Amino acid sequence: MVATVAIEQLLKKRKYMNILRTTITSLALVVSAMSVASEPTIDSNLLSAENAFTSRVWTADYLGQYRIPGLAQTKHNILLAFAEKRDAQGDQQGNDIVLRRSLDGGRTWGNEQEIYSLGDDALNNPTVIATENNLLAMIFNVYPEGVHMSDTLVAGGNSVKVKIMYSTDNGSNWTAPIDVTEQVTPQAAYLTNIGPGNGFIIKNGSNSGRAVIASFAKFSNGRDFSDSRAVTVYNDELNNYQTTGAHKITQAEALELSQYWTHGSNNPLSMSNEISMVEYGDAGKLYYMGRIAPDNRTGGFRYDSSDDGGITWNARDKSTTVFPYRTQSGAWRFDNSADNSVSIVH
């Protein structure tokens, strides 16, 4: 699972703009180490790369760009790497969503599969959840041709869409996209920006089984990003869907599942965008981390916690510059059995 972290970090750095690499086992850029019984401490370390390997997923032979990756592992231990395939540099460039599949833990990758394309409309931030029953849910933004996040938009106008697709055969086939924009966008927001990265199923506590995706809602308009608030997009029924044998999820089943997507309250103190989120401890506590929105050129990020599965945040206005990154720092949790601790890897 640490592969998710390395994928996001490497791609965000300019010299890797057109090359996506995965790093398996214990390679990461920084670590926040913490005891399960306490609040996390902010630290900066390097994990050992002794057993790590790299493999190239996408290369620069395409004239545009591959950006904003996500990585999911299915119940059958198949790795799925997702990305935006852009026609040119820039966030909204007629992006398509593509996928490549690995059957050997990320050492080699199959042919590129186009999951969805809308011509000159831009598909952004493919964010994937793999449930315990091998259901894949991919949620993403749709920017109509000519529309950009920094444009002057209408609050509640839903110019920027949020859509979702499902697969029950390890990503080979997908349902048609379903629009959930109104369900996951706060009423006064100009848009909800999904992910990017990965969602997950909460494992512990009273909200175990909830599917959660870190997002941010933009409450300031145009080029002003100062009021960008962390918000959780979640579904309490997704993990209950049962896959049986060769049955593929139908469009009717997908529509029913999509009714349950909704959003929690936003944190007005977060002032963050490009949010990552992890579960910490044995009570299902969630932490988000997001780059500081008003001036992301200075680096650093804000973070906060939720005790109710992402519905509300503690609004503690926490920030740090320990990790001096201007762009998103992807996060993932892993358990250290040797000392009964948990680490959040960036």
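Residues numbered from 1 in each chain as written. Predicted model: local features only at pLDDT ≥ 70, side-chain atom pairs only at ≥ 80, totals over all residues. Heavy atoms only, no water.

For the rest of this paragraph, the subject is the overall build of the protein. When helices and strands are counted, the protein shows 3 helices and 22 strands. Here the protein holds 346 residues, and 56% of them are scored as buried. Summarising the internal contacts of the protein: among those between residues at least 6 apart in sequence, 59% fall at separations of at least 24. Working note: accessible area of the protein is about 14200 Å², and carbon and sulfur atoms make up 46% of it. (Helix = DSSP H or I, 4+ residues; strand = E, 2+ residues; numbered from the N terminus. Buried < 20%, exposed > 50% of the residue type's maximum accessible area, 1.4 Å probe, protein only. Contact = heavy atoms within 4.5 Å. Areas by Shrake-Rupley, 256 points an atom, 1.4 Å probe, with all protein chains shown as cover.)

Taking burial as the measure, the 8 residues of strand 9 (residues 136-143) include 8 buried ones, the bulk of the element. Both faces of strand 9 are covered, namely the face carrying L136, M138, F140 and V142 and the face carrying A137, I139, N141 and Y143. The sheet contact formed by strand 8 (residues 122-130) and strand 9 spans 7 bridges and is antiparallel. The residue bridging I129 from the neighbouring strand is A137, located in strand 9. In this antiparallel pair of consecutive strands, strand 8 and strand 9, the connection spans 5 residues, and N134 shows a positive phi of 70°. Sheet topology places strand 9 next to strand 10 (residues 161-167); 7 bridges connect them, and they run antiparallel. Looking at strand 10, one finds that L136 is bridged to S167. (Pairing = 2+ DSSP bridges.)

The subject of this paragraph is the side chain of D169. Mapped onto the elements of the fold, D169 is located in the loop between strand 10 and strand 11 (178-179). Among the polar contacts made by the side chain of D169, one reaches the main-chain amide nitrogen of S172 at a distance of 3.2 Å. (Polar contact = N/O pair within 3.5 Å; in protein donor to acceptor, adjacent residues only side chain to side chain.)

Positionally, N95 belongs in the loop between strand 5 (79-86) and strand 6 (96-102). The exposure class assigned to N95 is buried, which follows from its relative accessible area of 0%. Here E84 takes part through its side chain, which lies 2.9 Å from a polar atom of the side chain of N95. In this view, N95 contacts E84, K85, R86, D121, A122, L123 and N124; residues no more than four positions away in its chain are not counted.

Another point: the environment of I78. As for its placement among the helices and strands, I78 is situated in the loop between strand 4 (65-73) and strand 5. Given a relative accessible area of 12%, I78 falls into the buried group. Residues I78 and L103, 25 residues apart in the sequence, show an inter-C-alpha distance of 5.2 Å. Other than its neighbours up to four places away in sequence, I78 contacts A72, Q73, R101, S102, L103 and N170.

With that out of the way, let us pick up unusual backbone geometry. For the bond running from G195 to P196, omega is 0°, close enough to zero to count as cis. Positive phi, close to 60°, is recorded for N77, a residue that is not glycine. Position of N77 among the secondary structure elements: in the loop between strand 4 and strand 5. Although it is not a glycine, N134 sits at a positive phi angle of roughly 70°. Mapped onto the fold, N134 is located in the loop between strand 8 and strand 9.

So, about the packing of aromatic side chains. Under the criterion given, the structure shown has 4 aromatic pairs. A centroid spacing of 5.6 Å and a plane angle of 75° characterise the contact between Y280 and Y287, whose relative ring orientation is edge-to-face. Arranged with centres 4.7 Å apart and planes meeting at 85°, the rings of Y288 and W313 form a pair that is edge-to-face. Here the residue Y288 occupies a position in strand 18 (residues 285-292), and W313 occupies one in the loop between strand 19 (301-306) and strand 20 (318-320), the gap between them amounting to 25 residues. Y288 sits in the buried class, given a relative accessible area of 1%. Across the ring face of F225, the terminal group of K218 is positioned such that the distance to the ring centre comes to 4.6 Å. Lying over the aromatic face of F219, R229 brings its terminal NZ or CZ to 4.1 Å of the ring centre. (Phe/Tyr/Trp six-rings, centres within 6.5 Å; stacked < 30°, edge-to-face > 60°. Lys NZ or Arg CZ within 6 Å of the ring centre and 35° of its normal.)

With that out of the way, let us pick up helix 3 (residues 251-258). Owing to its 3.6 residues per turn, the α-helix aligns residues three or four sequence positions apart on the same side. Burial in helix 3 covers these residues: A254, L257 and S258. Along the axis of helix 3, the buried residues cluster in a sector spanning 100°; they form a single face. Of the surrounding secondary structure, the elements contacted by the buried residues of helix 3 are strand 10, strand 11, helix 2 (181-184) and strand 15 (228-235). (Arc of directions from axis to C-beta.)

Read across the open sheet, the 4 strands follow the order 8-9-10-11; overall the sheet is antiparallel. Bordering the open sheet on either side are strand 8 and strand 11, each of which pairs with just one other strand.

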